[in-house]
Amino acid sequence: MSHVESEIASQPACWRKAAEIAASKPAGLPAPGERVAVIGCGTSLFMAQAYARLREDAGQGETDAFAASEFPAGRRYDRVVALTRSGTTTEVVAALSTVDPNIPAVAITADPNTPIVQAAHDAVVLDFADEQSVVQTRFATSALVMLRAHLGEDTAPLIDQATEAVGAALPAGLAERTQFTFLGSGWSVGIANEAALKLREASRSWAESYPAMEFRHGPISIADERSVIWIFGAAPAGLTDDLRPTGALIVASSLDPAAELIRTQRLAVALATARGLDPDIPRNLTRSVILT
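All figures in this text were calculated on a predicted structure; none of them were measured in a lab.

A.B. asks: So what about the overall build of the protein? Which residues, and what values?
C.D. replies: Across its full length, the protein carries 10 helices and 9 strands. Relative to the 2.2 N^0.38 estimate, which gives 19 Å for 292 residues, the radius of gyration of the protein is 18 Å and therefore close to what a compact globule would have. With the C-alpha coordinates of the protein rotated into their principal frame, the extents come out at 55 × 40 × 40 Å. Looking at the 292 residues of the protein, the share that counts as buried comes to 54%. Here the analysis covers contacts within the protein between residues at least 6 apart in sequence; of these, 73% occur between residues at least 24 apart.

Given below as structure tokens:
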């Protein structure tokens, strides 16, 4: 079994620990009413996107998500949240160095002995969710669950759904398809982005992601009988009717999008294995991007 398979399967237990950490009220996490920027790279960026929308939807304050390399240093925020598994990603550390020293910054990371902890005012360490695989799964989702619990959400049903997603059969017919599109709405746009990234990383699949309502504005032209269109959350009215004539295999689920993400992680590993690839070591990737 690959490392990533074990890490995917461990997510319900990790999420439970993440919720317990949130209940302990760790220092540095955003307070209601604060204007917050959340930064990250790759998978961490997509978790930032999901959290930003969830926080705004919860009425806790304006929240922006940025790729760390695109962080607008001159914009005024009450707090900056940095997501980074390794704690060494160059762009994240560099972005925090541009933040006004009077603006509190908190790092959410898996390793307390890294530059990001030194660069931030506070750190929330999820070392139990660290990973051996280059491909991120449980750290990122555990960070999101911790942040959701901190927003006041009851995560117990979510953890139950994660357990279901770990063991549930994948939809039939996926292996025969060659193009994968993931659609989300609201906070699940970030989840859709992450699902597509997992397939690209682990299995070198042609995978894309879009806000669900945007898919009809051009991207639907790529959909045909070789495609899978995977929808996170409820599909916008009329979208499924527009998708059926394309011949694509449509996948939808009643699971919470974060729990449904687990099934797409498993799909990425299954496709990689079927193609003779090592899902732990994606081509051209390393555990952390450290620029000289």
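A.B. asks: Residue-level account of the sheet that holds strand E6 (residues 179-184), with values.
C.D. replies: As summarised here, the arrangement of the 4 strands in space is E7-E6-E8-E9, forming an open sheet in which the pairing is parallel. Because the sheet does not close on itself, it has two edges, and the strands there are strand E7 (206-211) and strand E9 (249-252). The mean angle between the axes of side-by-side strands here comes to 20°, regardless of whether they run parallel or antiparallel. Relative to E9, strand E8 (residues 227-231) is paired through 4 bridges, and the arrangement is parallel.

A.B. asks: Talk me through empty space enclosed by the protein; I want residue IDs and the actual numbers.
C.D. replies: Vacant regions in the atomic arrangement are exposed by a probe of water-molecule size rolled over the atoms. For the structure shown, the criterion picks out 1 cavity of 30 Å³ or more. Size it by volume and the largest cavity reaches roughly 30 Å³. As for the largest cavity, its lining consists of Val4, Val135, Thr137, Lys198, Ala202, Gln265, Ala268 and Val269. Those elements giving two or more residues to the lining of the largest cavity turn out to be helix H8 (188-203) and helix H10 (257-274). Tallying contributions element by element places H10 first for the lining of the largest cavity, with 3 residues. Its residues assigned to classes, the lining of the largest cavity shows 5 nonpolar, 2 polar and 1 charged.

Thresholds, definitions, all that
- Residues numbered from 1 in each chain as written.
- Predicted model: local features only at pLDDT ≥ 70, side-chain atom pairs only at ≥ 80, totals over all residues.
- Heavy atoms only, no water.
- Helix = DSSP H or I, 4+ residues; strand = E, 2+ residues; numbered from the N terminus.
- Rg over C-alpha atoms; globule rule 2.2 N^0.38 Å.
- Buried < 20%, exposed > 50% of the residue type's maximum accessible area, 1.4 Å probe, protein only.
- Contact = heavy atoms within 4.5 Å.
- Pairing = 2+ DSSP bridges.
- Axes fitted to C-alpha atoms, helices over the stretch in contact; angles between N-to-C directions.
- 1 Å grid on protein atoms, 1.4 Å probe; cavity = no way out; pocket = protein on both sides within 12 Å on 5 of 7 lines; lining within 4 Å.
- Points joined across faces, edges and corners; volume = space filled by probe spheres on them.
- Nonpolar A, V, L, I, M, F, W, Y, C, P; charged D, E, K, R; others polar.

Structural measurements only, silent on function.
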